[in-house]
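An overview of the molecular structure
Here is what each chain is made of, one letter per residue.
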2 protein chains.
Amino acid sequence: MSSQRATAFVPGHVTAFFSPHPADDPAVAGSRGAGVTLTDGVTVRVSAAAGAGNDETGSRTIDGEAGSIGAVDDVLAEMGAPAADVAVETDIPIGAGFGVSGAAALGAALAANDALDRGRSENDLVRIAHAAEVGRGTGLGDVVAQARGGVPVRLEPGAPGVGELDGVPATARAEYVTFGELSTEAVLGGDTAALSAAGEDALDRLRADPRLPTLMDAARAFASEADLLVPEVAEAIAAVESAGGDAAMAMLGRTVFALGTGLSDAGYDPEACRIDAAGARLVDERGRE
Amino acid sequence: MSSQRATAFVPGHVTAFFSPHPADDPAVAGSRGAGVTLTDGVTVRVSAAAGAGNDETGSRTIDGEAGSIGAVDDVLAEMGAPAADVAVETDIPIGAGFGVSGAAALGAALAANDALDRGRSENDLVRIAHAAEVGRGTGLGDVVAQARGGVPVRLEPGAPGVGELDGVPATARAEYVTFGELSTEAVLGGDTAALSAAGEDALDRLRADPRLPTLMDAARAFASEADLLVPEVAEAIAAVESAGGDAAMAMLGRTVFALGTGLSDAGYDPEACRIDAAGARLVDERGRE
């Protein structure tokens with residue numbers, strides 16, 4: 001029996017600051033804000049046995065263990081491919097502010113489209129993944145940022161055709177340390193007025209001066225004004241600053257990220273990667289040419 | 001004396017088909033159409049001696065020889081950096097349909113912004129390079145396509161904030177052979193009514209079915225309907241098709257490009273590269289972290 005396979009890589013995305021913009025239409029809902037995409041990310045492999053029925057659900061694994069992500073299931077359903085097998089492998093921790101669920105959803109959309117020859121455009125696939133992520137309440141802006149790569153600035157919320165993006169032109173090494181999870185749903189489900197105001201202030205600052213140091217400074221101000229800073233992260237940011245570096249908190253996670261060797265210089269033992277230049281992409285693992 | 005340097009890489013872009021959309025405002029002018037960006041492209045190095053006066057013009061080289069590109073000079077002038085030294089190195093032939101002038105302009109914008117810490121956003125830099133390219137009459141859609149990477153589809157003409165892009169999600173090996181130059185200015189300066197109609201038809205087909213084989217088929221129909229096919233290219237396309245492959249003409253150049261090993265299989269000795277996933281980007285050559 002023939003089988004179609006495809007693989008996609010989607011960069012991790014640490015949000016520096018944001019303001020939530022809910023809406024009934026998930027393609028219109030989203031967030032304004034900015035962040036950094038990382039060469040550490042999520043690889044999604046989709047394979048589909050030819051002729052498999054659409055009434056059965058394919059296997060779902062995360063790092064080799066049985067497990068599924070809601071937004072991934074919704075993407076597969078939307079693409080008429082629930083029977084496809086989906087294997088998610090992640091370089092980055094789940095629930096810690098790296099946008100794993102958005103990356104998995106977008107990777108599943110790209111890989112399923114290729115494996116099953118669905119003939120959707122890139123914008124369509126981003127829209128499907130964004131809607132799935134918003135519908136599950138697990139993120140608002142990661143998918144469109146991860147599709148673009150680099151240092152995405154979300155000028156207007158929403159999926160392609162609705163939202164609007166810019167970017168801070170930069171390449172740099174990045175480091176991060178994670179102290180644990182923080183629930184996106186809990187924060188976004190609460191009173192978000194102060195958070196929104198802080199997010200809009202931070203975006204105004206970055207638009208006026210689209211440079212990495214301004215992004216990091218605006219991110220620190222946002223975490224403080226939105227009252228989201230947790231003690232371990234605050235301590236790490238202070239330690240990096242004392243060592244002459246530049247760090248901020250990843251929204252929403254108990255995670256600190258730094259540019260260059262900021263965390264190493266401050267005595268931490270961080271993961272290291274780079275700003276990802278490409279954004280989400282299909283990966284050729286079969287040498288098919 | 002201290003010196004600031006930065007390097008950018010911009011992929012080559014072979015246009016498969018297009019319709020020109022002139023306008024008085026160069027940010028509004030542009031083209032609809034689609035093409036393929038290539039991992040073969042243009043590297044631009046900008047360096048500026050601190051304190052150099054703005055009334056002198058810096059050195060300009062192309063592949064190590066003295067030489068300048070109009071759109072690059074215009075970008076440097078717009079960024080207040082005419083005194084910067086600019087070295088362009090290209091993997092791809094000039095004047096043969098790969099968008100070298102657009103790539104050089106966009107690379108100069110990215111590298112000058114970084115070297116001189118100008119603090120412009122990505123959209124601003126793309127807009128500056130697009131306007132310079134349009135102003136020189138050397139291209140209409142390469143810059144925005146090269147900024148995106150992949151297989152860009154130009155739904156609406158113009159710079160970021162005006163135009164609109166989508167993409168065909170695909171990764172593949174690409175091959176090309178060039179038989180010589182074709183003047184963009186001469187074609188765009190003539191009667192473009194038939195060309196425009198053919199370009200719009202091709203775009204409608206690709207939007208209805210955003211797959212690589214459809215892109216190639218629409219490109220062949222465009223070249224024929226717009227009466228742009230030159231004999232050497234027509235012969236190569238036919239040879240690739242006879243060998244079971246998929247090839248088309250690069251607009252505007254005496255160049256044939258093929259997917260996979262199409263040209264090799266047909267007995268040509270092509271250059272080989274891949275579809276570029278990332279689009280224009282800064283390159284870290286100094287290990288600065």
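That block above? That's the structure.
The model shown is predicted, which means the values in this text are computed figures rather than measured ones.

Residues and elements named next belong to chain A. An order of S9-S10-S8-S11 is seen for the 4 strands of this open sheet, with the pairing classed as antiparallel. Looking along the sheet, the strands with just one partner apiece sit at the ends: strand S9 (247-249) and strand S11 (271-274). On average, each strand axis in the sheet is tilted by 25° relative to the strand beside it, whichever way the strands run. Where strand S8 (residues 173-180) and strand S10 (residues 254-259) come together, 6 bridges link them in antiparallel fashion. Across the sheet, Tyr 176 pairs through a bridge with Phe 257, a residue of S10. Those strands touched by helix H7 (residues 212-225) are S9 and S10, and its axis lies near 40° from that of S9. Set on the sheet, helix H8 (residues 231-242) makes contact with S8, S9 and S10; between it and S10 the angle comes to about 15°.

Our next topic: the environment of Val134(A). Residue and element names in this part refer to chain A. Along the polypeptide, Val 134 turns up in helix H3 (residues 122-136). Judged by its relative accessible area of 16%, Val 134 falls in the buried class. Separated by 93 residues in sequence, Val 134 and Gly 41 place their C-alpha atoms 20 Å apart. When sequence neighbours within four positions are dropped, the list of residues in contact with Val 134 reads Pro 26, Ala 29, Gly 139 and Leu 140.

Listed as interface residues are 32 residues of chain B and, on the opposing side, 32 residues of chain A. Taken together, the links from chain B to chain A amount to 6 salt bridges. Arg148(A) serves as the salt-bridge partner of Glu122(B), at 2.7 Å between the closest nitrogen and oxygen. On the surface where chain B and chain A come into contact, there are 16 residue pairs in polar contact (both at pLDDT 80 or more).

A few words on unusual backbone geometry. All names here are of chain A. With omega at 0°, the peptide bond leading from Met 251 into Leu 252 counts as cis. Take Leu 252: it is sitting in the loop between S9 and S10. The backbone of Asp 117 shows a phi angle near 50°, a positive value even though the residue is not glycine.

What follows concerns the sheet that holds strand S8 (residues 173-180) of chain B. All names here are of chain B. If you trace the 4 strands from one edge of the open sheet to the other, you get S9-S10-S8-S11, paired in antiparallel fashion. Of all strands in the sheet, those bounded by a partner on one side alone are strand S9 (247-249) and strand S11 (271-274). Within this sheet the neighbouring strands show an average axis-to-axis angle of 25°, counted without direction. With 3 bridges connecting them, S9 and strand S10 (residues 254-259) associate as antiparallel partners. Bridging across to S10, Ala 247 finds its partner in Ala 258. Running over the sheet, helix H7 (residues 212-225) touches S9 and S10 and is turned about 40° from S9.

Its rotation angle being 180°, the transformation that places chain B on chain A also includes 0.0 Å of axial translation and leaves an RMSD of 0.0 Å. Here the symmetry operator amounts to a two-fold rotation axis. Within chain B, the C-alpha atom positioned nearest to the axis of rotation is that of Ala278(B), 1.8 Å from it. The residues that chain B uses at the interface reappear at the interface of chain A in 100% of cases, marking a shared surface.

Attention now moves to the environment of Gly260(B). Residues and elements named next belong to chain B. By secondary structure assignment, the location of Gly 260 is in the loop between S10 and helix H9 (262-265). For Gly 260, a relative accessible area of 6% puts it in the buried group. As a C-alpha pair, Gly 260 and Ala 247 span 13 residues in sequence and 9.6 Å in three-dimensional space.

Residues and elements named next belong to chain A. On inspection of all chains with the given rule, the structure shows 4 aromatic pairs over all chains. Both rings, one in Phe 18 and one in Phe 222, keep their centres 5.7 Å apart while their planes meet at 55°; by these two values the pair is tilted. Residue Phe 18 is located in strand S1 (residues 3-21), and its partner Phe 222 is located in helix H7; the two are separated by 204 residues in the primary sequence. The buried category is assigned to Phe 222, whose relative accessible area is 0%.

What follows is about the pairing of strand S5 (residues 85-90) of chain B. All names here are of chain B. Of the two faces of S5, the one holding Val 86, Val 88 and Thr 90 is buried and the one holding Asp 85, Ala 87 and Glu 89 is not buried anywhere. Inspection of the sheet shows strand S3 (residues 60-62) paired to S5 by 3 bridges, in the parallel sense. Note that in S5 the partner of Arg 60 across the bridge is Val 86.

All names here are of chain A. The full count for this structure, using the stated rule, is 2 cavities of 30 Å³ or more. Lining the largest cavity, in full, are Arg 60, Thr 61, Ile 62, Gly 67, Ser 68, Ile 69, Val 72, Val 86 and Val 88. Looking at the lining of the largest cavity, the elements that each hand over two or more residues are strand S3 (60-62) and strand S5 (85-90). Residue contributions to the lining of the largest cavity peak at 3 residues, all from S3.

Residues and elements named next belong to chain A. Remark: helix H6 (residues 193-208) packs on H7, axes separated minimally by 9 Å, with the N-to-C direction vectors making an angle of 165°. By the angle between their directions, the pair H6 and H7 is classed as roughly antiparallel. The element H6 and its partner H7 pack so that their crossing is right-handed. Facing H6, whose interface residues are Leu 195, Ala 198, Gly 199, Asp 201, Ala 202, Arg 205 and Leu 206, H7 presents Thr 214, Leu 215, Asp 217, Ala 218, Ala 221, Phe 222 and Glu 225. In terms of residue class, the contact of H6 with H7 is made up of 8 nonpolar, 2 polar and 4 charged.

The rules behind each value
Residues numbered from 1 in each chain as written. Chains lettered and ligands numbered in written order. Predicted model: local features only at pLDDT ≥ 70, side-chain atom pairs only at ≥ 80, totals over all residues. Heavy atoms only, no water. Pairing = 2+ DSSP bridges. Helix = DSSP H or I, 4+ residues; strand = E, 2+ residues; numbered from the N terminus. Axes fitted to C-alpha atoms, helices over the stretch in contact; angles between N-to-C directions. Contact = heavy atoms within 4.5 Å. Buried < 20%, exposed > 50% of the residue type's maximum accessible area, 1.4 Å probe, protein only. Salt bridge = Lys/Arg side-chain N within 4 Å of Asp/Glu carboxyl O. Polar contact = N/O pair within 3.5 Å; in protein donor to acceptor, adjacent residues only side chain to side chain. Least-squares fit on C-alpha atoms with pLDDT ≥ 70 in both. Phe/Tyr/Trp six-rings, centres within 6.5 Å; stacked < 30°, edge-to-face > 60°. 1 Å grid on protein atoms, 1.4 Å probe; cavity = no way out; pocket = protein on both sides within 12 Å on 5 of 7 lines; lining within 4 Å. Points joined across faces, edges and corners; volume = space filled by probe spheres on them. Parallel < 35°, antiparallel > 145°, perpendicular 65-115°, else oblique. Left-handed = near helix turned anticlockwise from the far one by under 90°. Nonpolar A, V, L, I, M, F, W, Y, C, P; charged D, E, K, R; others polar.

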